[in-house]
Amino acid sequence: VVLSDHGEGFNQSAPDWQAGPNKLLMDIPSFNGHGINVIDEAQIRVLLAFKRFGDKNIPTSNNQQLTSLVDIAPTLLSLAGFDKAELKASGCDLFNAEVEDNCGNNRIVFTESGFYVPAMLAPGGLDEKKIAEQAQAYYDINPDTRLTFKTSALPQMFKEKQRAAIGDNWVVAS
């Protein structure tokens, strides 16, 4: 399995997004970042590929269906000859998605952004020193030298995350 949990935004111009039933155009800044923007196509639509070794091949295909990380386990179980129902998970077998409920064209997948500090979104390029200064408030260094998030910082981190529901040609984000 070759996959990415998110893509990379390289300061592309934002598309014209329309908000609500009145179709008002939204003013959205250019997209820049590392998994921190849930409406940036470059950050949310990424590679997921499978290669099987041995005497059986996986049919070659290139499709644009909506997928999620939760689809990997059911797909691998199916490729190994097991029934995905044994997993009791909500993911889809990606090689049989069109015949599964909630896995075809009208599927909705959910996503959230990663952790970021305001300096990562500042116009004019990245200031590594400012990013490090802001980020240090969120981390502890354990006695074994591991870096961990401060428990006290978690509520603020969760509050700042972006979340989205994504359909084939629409996104609802907050």
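Residues numbered from 1 in each chain as written. Predicted model: local features only at pLDDT ≥ 70, side-chain atom pairs only at ≥ 80, totals over all residues. Heavy atoms only, no water.

K.L.:
Quick question: what am I supposed to make of the environment of D83 here?
P.N.:
Looking at the element boundaries, D83 is found in the loop between α2 (72-79) and β7 (109-112). Separated by 10 residues in sequence, D83 and D93 place their C-alpha atoms 9.9 Å apart. (Helix = DSSP H or I, 4+ residues; strand = E, 2+ residues; numbered from the N terminus.)

K.L.:
Looking at this structure, I do not really get the pattern of salt bridges. What am I missing?
P.N.:
Opposite charge on two side chains permits pairing when their charged atoms draw close. Going through the model one piece at a time under the given rule, you end up with four salt bridges. In this structure, the salt-bridge partner of R107 is D71, at a minimum N-O distance of 2.8 Å. With a gap of 36 residues between them, R107 in the loop between α2 and β7 and D71 in the loop between β6 (48-49) and α2 connect regions that are remote in the sequence. Of the residues examined, R107 reaches a relative accessible area of 7% and is grouped as buried. Salt-bridge contacts for R146 lead to D144; the nearest nitrogen and oxygen are separated by 2.9 Å. Its relative accessible area of 52% is what places R146 among the exposed residues. Overall, D144 belongs to the partly exposed group, its relative accessible area being 44%. (Salt bridge = Lys/Arg side-chain N within 4 Å of Asp/Glu carboxyl O. Buried < 20%, exposed > 50% of the residue type's maximum accessible area, 1.4 Å probe, protein only.)

K.L.:
Sorry if this is basic, but what is going on with the sheet that holds strand β10 (residues 163-166) here?
P.N.:
Hydrogen bonds along the backbone pair up the strands of a sheet, which may run parallel or antiparallel. A sheet is described by the order of its strands in space; here three strands give the open sequence β7-β10-β11, paired in antiparallel fashion. Edge strands, defined here as strands with exactly one partner in the open sheet, are β7 and β11 (171-173). Strand-to-strand twist of the sheet, defined as the mean angle between neighbouring strand axes without regard to direction, takes the value 20°. In this structure, β7 lies alongside β10, joined through four bridges in antiparallel fashion. Bridge pairing in β10 places E112 opposite R163. (Pairing = 2+ DSSP bridges. Axes fitted to C-alpha atoms, helices over the stretch in contact; angles between N-to-C directions.)

Bear in mind that shape data such as this cannot, by itself, settle questions of function.
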